[in-house]
Amino acid sequence: MQTVFSIAVDALAYGMVLFVISIGLSVTMGLMRVVNLAHGAFAMIGGYIASYAARDMGLGYGIALMIAVFGTILIAIPIERLLYRRIYGAPELTQVLMTIGITFCIIGIANYVFGPTLKTIPLPTGLQGSVDLGFRSIATHRLFAILCGLAVAAVLWYAIEKTAFGVKLRAAVDNAAMAAALGVRTEIVYAVSFAVAVGLAALGGVVGAELLPVEPYYALRYMVTFLVVVSVGGAGSIPGALVACLLLGGIDTAGRYLVPEFGEFFFYLAVIAIVCVFPRGLAGRTR
Amino acid sequence: MTMATVNETLTTARGNRRKLGRDLAGLSVILGLAVTGYLLFPNNLALLTRMTAIALLVLSLDLVTGYCGVATLGHAALFGTGAYAAGIAAVHFGITDPLLMLACGILGGVVAGLLCGAVILRAHGLPQLVLSIALIHLFHEFANKAASWTGGSDGLAGIAPDPLLGFFAFDLWGRTAYVFGIVLLAVVFTLLRLVVRSPFGMLCRGIKEDPIRIRAMGASPKVTLVKMYMISGAVAGAGGALNAISTQVVGLDSLSFTLSAESLVMLVLGGTGSLFGALTGTIVFMFFEDIVSAANPFHWLTMVGALLIAVVLFAPKGLYGTIAAVAARWREARR
């Protein structure tokens, strides 16, 4: 019983961190049709900035989080302007190469600037320790990650379903040319969603630093996981991504707890099975 | 099928003669480079042999990516399976004749190609990419777990190939292995030129351009692509076997995602859809790697990244493709 409970809490926390990081990837991929392998690199930049701000400059956790999110967006804007602009609408292979190139560069630079060691982000006292739920206690940090994930899901759902910007975004996802013809400034929609996606990646990188430790090869190590989530959930779908994150988080965590000697064997087996059965993702639309 | 492909199918006898000339030219360039390499780097034949094995992997990747349009980041699965098949045959079954080991490697590669092709071709676009990545990780984990057969993370050691054809022992300087590799590469290259130009090769290129039209013409894209995947598996398996025979050890890195990604980088650097491009990319990349990583291993990844971005922005056809296009324009202008 205790094992089941800890697996469930860990899986939920892990799945929510995955969700926060990869939902931005899912939206940009559904919107701009860019296979962005560098998304994990932005999460890593967020983690590094937060670590530098909190540990080396001694700022508070909340402030470090804000600096990380906006700092990552600031770094990402020129990259989008100079490099991503060129590969919108390009063949997939080109996009894969360009974004893998960007990932390699970011890894190399991070390694040079911050060194190959693990970076920690010191938690504030409020997030250390554990919360007593009456029958069991869980780590406060896990709870914080879960709440962050739920909050991000709720805000995104509201923004996409209920606001004027959300209407334009959905129109651009469905048919960019038609939306542009009807007066939607798709350029701005693209730019804003890219910025939000990068910001969310950075947020996830900071919040999830306890579960996915920040180090130079972060971008490469978890790149596959984020892509898998988007592909399993179906690009551009929030419920799809949420279900995929919880499902894959559950499989991965359960696999690690129950059969640790097999590592990620079951995770990848499950991925292959799901993608083979649902080639368009769990919530993928038929095009 | 585009007009270009149709036109190519209807080539005249003169065009065929010219292609034969290009085949011979290509073959002589390979052999010329091999001799130059032997004379220039007599103490570094291991690197050159490794380069030959990787060239086979990149050629095999070119068959599915360049000619069939399948995006894959898991092609090292075929290479590694070939290497392990040859290694396991030698260590566990006592098959130490190099040619038989090569046959085992090719067979392993074909089986892996069938398996990977059957899975990867089920999806398109991003899901296809994800499937290929999941497959290479699965192969890696499997080889890691089956330690009693593969040696796990220690690698499979103790491969001792017999003298080649009973006469040429694999010496300490790797001369036999080098010559063996170059002959293998030349044979494979010649066979692939024939395959690529055959009606079957044309069909594959047609599928890359427009699979729906090919189906309307009465051919099955899926079956054709799986066949191409098996041929590709044979080539990659031969490369893996060559690596196992020359280094006498098989490590888990031959089944890694990094090797898959690097082989894709080499292919694109040289130019997809051309066997010469695949060879050019391998040679340039591996020399570059050897020099830069010897000088400063920390900046290696940054350099590769910058190189990739530069190729995508300035030479989308790859080095060979760009040079060939410039040469064609020059010929046109002179006419």
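Refer to the structure above for everything that follows.
Scope of this entry: the structure provided in the associated data block. Fair warning: this is a prediction, and the values are worked out from it, not measured in the lab.

### Comments concerning the packing of aromatic side chains
Residues and elements named next belong to chain A.
Thinking step 1. Scanning all chains against the criterion turns up eight aromatic pairs over all chains.
Thinking step 2. Between tyrosine 61 and phenylalanine 144, the ring centres sit 6.3 Å apart and the planes meet at 65°, which makes this aromatic pair edge-to-face. With tyrosine 61 in helix H3 (residues 61-87) and phenylalanine 144 in helix H5 (residues 140-162), this residue pair connects regions lying 83 residues apart in the sequence.
Thinking step 3. Of the residues examined, phenylalanine 144 reaches a relative accessible area of 23% and is grouped as partly exposed.
Thinking step 4. One aromatic cluster in this structure is built from Phe42, Tyr84 and Phe194.

### Re the packing of helix H8 (residues 175-197) of chain B against helix H11 (residues 221-247) of chain B
Residues and elements named next belong to chain B.
Thinking step 1. Packing of H8 against H11 brings their axes to within 10 Å, and their N-to-C directions diverge by 175°. The orientation of H8 relative to H11 falls into the category roughly antiparallel. Within the contact between the two elements, H8 uses Ala177, Phe180, Gly181, Leu184, Val188, Leu192 and Val195 and H11 uses Ile231, Val235, Ala238, Leu242, Ile245 and Ser246.
Thinking step 2. Class assignment of the residues belonging to the contact of H8 with H11 gives a composition of eleven nonpolar, two polar and no charged.

### Describing the interface of chain A and chain B
Size of an interface, as often reported, equals the accessible area lost when the parts are brought together.
Thinking step 1. Each partner contributes to the interface: chain A provides 41 residues, whereas chain B provides 34 residues.
Thinking step 2. In total, about 3,300 Å² of surface goes out of reach between chain A and chain B, with carbon and sulfur atoms giving 86% of it.
Thinking step 3. Here chain A and chain B share zero salt bridges between them.
Thinking step 4. Counting every contact that joins chain A to chain B gives one residue pair in polar contact (both at pLDDT 80 or more).
Thinking step 5. When contributions to the side of chain A that touches chain B are tallied by element, the ones reaching two or more residues are H3, helix H4 (92-114), helix H9 (218-233) and helix H11 (265-277) of chain A.
Thinking step 6. No other element matches the 16 residues that H4 of chain A contributes to the side of chain A that touches chain B.
Thinking step 7. Broken down by class, the residue content of the side of chain A that touches chain B amounts to 31 nonpolar, six polar and four charged.

### Concerning the nonpolar core
Thinking step 1. Counting residues in hydrophobic clusters, the biggest one holds 202 residues, and the most contacted among them are Ile23, Phe42, Tyr84 and Ile102 of chain A together with Leu73 of chain B.
Thinking step 2. Per-element accounting of this core gives the leading share, 13 residues, to helix H3 (residues 45-65) of chain B.
Thinking step 3. If we skip the residues at most four places from it in the chain, isoleucine 23 of chain A touches Val152, Leu156, Leu200, Ser237, Ile238 and Ala241 of chain A.

Calculation criteria
Residues numbered from 1 in each chain as written. Chains lettered and ligands numbered in written order. Predicted model: local features only at pLDDT ≥ 70, side-chain atom pairs only at ≥ 80, totals over all residues. Heavy atoms only, no water. Phe/Tyr/Trp six-rings, centres within 6.5 Å; stacked < 30°, edge-to-face > 60°. Helix = DSSP H or I, 4+ residues; strand = E, 2+ residues; numbered from the N terminus. Buried < 20%, exposed > 50% of the residue type's maximum accessible area, 1.4 Å probe, protein only. Axes fitted to C-alpha atoms, helices over the stretch in contact; angles between N-to-C directions. Parallel < 35°, antiparallel > 145°, perpendicular 65-115°, else oblique. Contact = heavy atoms within 4.5 Å. Nonpolar A, V, L, I, M, F, W, Y, C, P; charged D, E, K, R; others polar. Buried area = accessible area lost by both parts, 1.4 Å probe. Salt bridge = Lys/Arg side-chain N within 4 Å of Asp/Glu carboxyl O. Polar contact = N/O pair within 3.5 Å; in protein donor to acceptor, adjacent residues only side chain to side chain. Core = buried A, V, L, I, M, F, W, Y, C linked by side-chain atoms within 4.5 Å.

None of this, on its own, says anything about what the molecule does.
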